[in-house]
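Summary of structural features
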Amino acid sequence: MVRRTRLIRHAAAFAAALLLSAGLAPAASADGPPAGPNPVAVRLNAYWTEARMASARPGDTGPRSETGLTNRSVSPTADGPRPGEYIPPSESFDGMPQAGTFFWSDTTGTGRTCSGSVVRSPGHDLVLSAGHCLKGYSGTSPKRNLGFVPQYHDGLKPFGIFPIRNNGVYVPQQYYDLGEHAGAAYDFAFAVTEPNQDGTRLQDAVGGVRLLTGTGYYHAPVRMIGYPARAQKPLECWSWTTKWASDDAADPGTFPRIACDAFVGGTSGGPMLVPWPGGWAVIGVIGGYHTGGNTPQVSYSAYFGAATQALYRAAITGAPPAGPSS
């Protein structure tokens with residue numbers, strides 16, 4: 001066990017050195033200066049004050065609570081740590097530009113939050129998250145102050161806030177049709193953003209990570225990032241992913257599984273990243289099996305395959321988004 005821990009730490013240190021040598025500066029826009037202030041973003045920036053962001057509650061109203069205790073009737077041992085399993089620790093940090101958090105208001109006016117990451121796209125405007133976070137905002141559904149804040153920490157919006165475009169939330173139709181449990185294998189989503197209050201596109205401001213699909217279940221090292229609700233800083237953890245075959249008929253499928261401590265409510269949608277030439281690539285997001293896991297020590301993702309690629313293509317080409325069947 002000690003040897004495995006050292007291997008992960010050494011791999012993490014090597015990956016960090018590789019990425020520093022490659023450089024992680026945000027991508028420069030090839031289309032010249034920003035078009036000008038975006039009034040929608042100006043309004044959102046004023047609405048999401050430091051106090052409102054700090055008090056936002058988890059938008060992933062599934063099994064994990066803010067304290068990390070399960071609130072489902074399923075036994076936590078059904079998908080939690082195995083006896084004697086090493087659980088890599090998580091640490092709070094100031095974040096990275098390509099990861100951030102969504103903020104929105106629910107029907108009662110309560111602030112909500114879920115994690116996300118910026119993926120490279122032709123429009124320089126795409127965020128990846130979990131389907132169970134964004135499924136209520138598909139199509140022309142009211143967005144209710146929905147915006148994305150990259151590298152949010154300590155009440156700060158280092159790059160501003162990016163509103164989500166009308167008809168800009170993409171969740172697989174299978175997820176709507178099957179529901180979040182029977183459709184757990186489709187628990188991913190993309191959100192198309194508008195420029196921030198300065199008129200800058202998202203990827204131009206912060207860069208982006210590469211979306212990887214069809215790469216299997218086993219990856220190491222994996223850097224997982226998530227934003228616990230009401231926390232001042234995001235969490236990161238270095239670990240590895242394995243294959244989990246569901247033993248719960250209500251949540252069928254096979255899922256990447258990762259052990260990392262303290263990933264509680266609000267971290268859903270957070271990316272599972274692997275080192276990639278010139279930066280990072282994303283191979284999963286917290287979600288899927290039991291909407292990401294019943295315990296804060298073990299997380300899951302829907303497998304990224306053909307359905308993920310199809311949804312990505314729909315988002316970047318502006319196809320009509322899916323929605324609940326009438």
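Description of the structure in this document. (Residues numbered from 1 in each chain as written. Predicted model: local features only at pLDDT ≥ 70, side-chain atom pairs only at ≥ 80, totals over all residues. Heavy atoms only, no water.)

With that out of the way, let us pick up the overall build of the chain. Counting secondary structure elements, the chain contains seven helices and 15 strands. Looking at the chain residue by residue over its 326 residues, the buried ones come to 55%. Across the chain, the fraction of contacts at a sequence separation of at least 24, relative to all contacts at a separation of at least 6, is 76%. With an accessible surface of roughly 13000 Å², the chain has 56% of that area assigned to carbon and sulfur atoms. (Helix = DSSP H or I, 4+ residues; strand = E, 2+ residues; numbered from the N terminus. Buried < 20%, exposed > 50% of the residue type's maximum accessible area, 1.4 Å probe, protein only. Contact = heavy atoms within 4.5 Å. Areas by Shrake-Rupley, 256 points an atom, 1.4 Å probe, with all protein chains shown as cover.)

Glancing now at the pairing of strand 4 (residues 111–119). The element strand 4 is extensively covered by neighbouring structure, given that nine of its nine residues are classed as buried. Going residue by residue along strand 4, you find Gly-111, Thr-113, Ser-115, Ser-117 and Val-119 tucked away on one face and Arg-112, Cys-114, Gly-116 and Val-118 tucked away on the opposite face as well. Taken together, the two bridges between strand 1 (residues 57–58) and strand 4 define a ladder with parallel strand orientation. The residue of strand 4 that forms the bridge with Pro-58 is Thr-113. As defined by bridge partners, strand 3 (residues 99–105) adjoins strand 4 across seven bridges and the pair is classed as antiparallel. Note on strand 4: the bridge partner recorded for Gly-100 is Gly-116. The turn joining strand 3 and strand 4, which pair antiparallel and follow one another in sequence, is formed by five residues; a positive phi near 90° is taken by Gly-109. For strand 4 and strand 5 (residues 126–129), the ladder comprises three bridges, and the chain directions are antiparallel. (Pairing = 2+ DSSP bridges.)

Okay, the state of the cysteines next. On inspection of all chains with the given rule, the structure shows two disulfides. The disulfide bridge from Cys-114 ends at Cys-133, spanning 2.0 Å between sulfur atoms. Measuring handedness by torsion sign, the sulfur bridge of Cys-114 and Cys-133 sits at about -65° and is left-handed. Here the residue Cys-114 occupies a position in strand 4, and Cys-133 occupies one in helix 4 (residues 131–134), the gap between them amounting to 19 residues. Residue Cys-133 is classed as buried on the basis of its relative accessible area of 4%. One disulfide in the model links Cys-237 with Cys-260; its S-S distance is 2.1 Å. Its torsion about the S-S bond being -85°, the disulfide of Cys-237 and Cys-260 is classed as left-handed. Remark: Cys-260 occurs in the loop between strand 12 (254–259) and strand 13 (271–276) and Cys-237 occurs in strand 11 (residues 235–245); sequence separation between them is 23 residues. In this pair, the class of Cys-237 matches that of Cys-260, namely buried. (Disulfide = S-S within 2.5 Å.)

So, about unusual backbone geometry. Look at the link from Ala-220 to Pro-221: it is a cis peptide, with omega at -5°. Examined against the element boundaries, Pro-221 turns out to sit in strand 10 (residues 219–226). Residues other than glycine seldom take positive phi values, yet His-124 does so here, at roughly 55°. Here His-290, not a glycine, exhibits a phi torsion of approximately 50°, which is positive. Counting through the fold element by element, His-290 comes out in the loop between strand 14 (279–285) and strand 15 (298–300).

Below, the discussion takes up the nonpolar core. Core analysis: the biggest nonpolar cluster contains 24 residues, and Val-119, Leu-128, Phe-190 and Val-282 have the highest contact counts within it. Among the secondary structure elements, those contributing two or more residues to this core are strand 5, strand 8 (189–193), strand 14 and helix 7 (306–317). Tallying contributions element by element places helix 7 first for this core, with four residues. Setting aside residues no more than four positions away along its own chain, Val-119 makes contact with Leu-126, Leu-128, Phe-190, Gln-203, Val-209, Val-282 and Tyr-312. Counting 23 residues, the second-largest nonpolar core is a separate cluster that includes Val-118, Phe-148, Val-171 and Tyr-176. (Core = buried A, V, L, I, M, F, W, Y, C linked by side-chain atoms within 4.5 Å.)

The next subject is the environment of Leu-235. Within the secondary structure layout, Leu-235 lies in strand 11. When the C-alpha atoms of Leu-235 and Glu-91 are compared, they prove to be 5.4 Å apart, with 144 residues separating the residues in sequence.

With the rule as written, the count across this model stands at 14 aromatic pairs. Look at Trp-244 and Tyr-289: their rings are 5.9 Å apart centre to centre, the planes differ by 55°, and that puts the pair in the tilted class. Placement of the pair is Trp-244 in strand 11 and Tyr-289 in the loop between strand 14 and strand 15, with a sequence separation of 45 residues. When sorted by exposure, Trp-244 lands in the same class as Tyr-289, which is buried. Sitting over the face of the ring of Tyr-47, Arg-52 holds its NZ or CZ atom 4.0 Å from the ring centroid. (Phe/Tyr/Trp six-rings, centres within 6.5 Å; stacked < 30°, edge-to-face > 60°. Lys NZ or Arg CZ within 6 Å of the ring centre and 35° of its normal.)

Without other data, these values stay purely geometric and don't point to any function.
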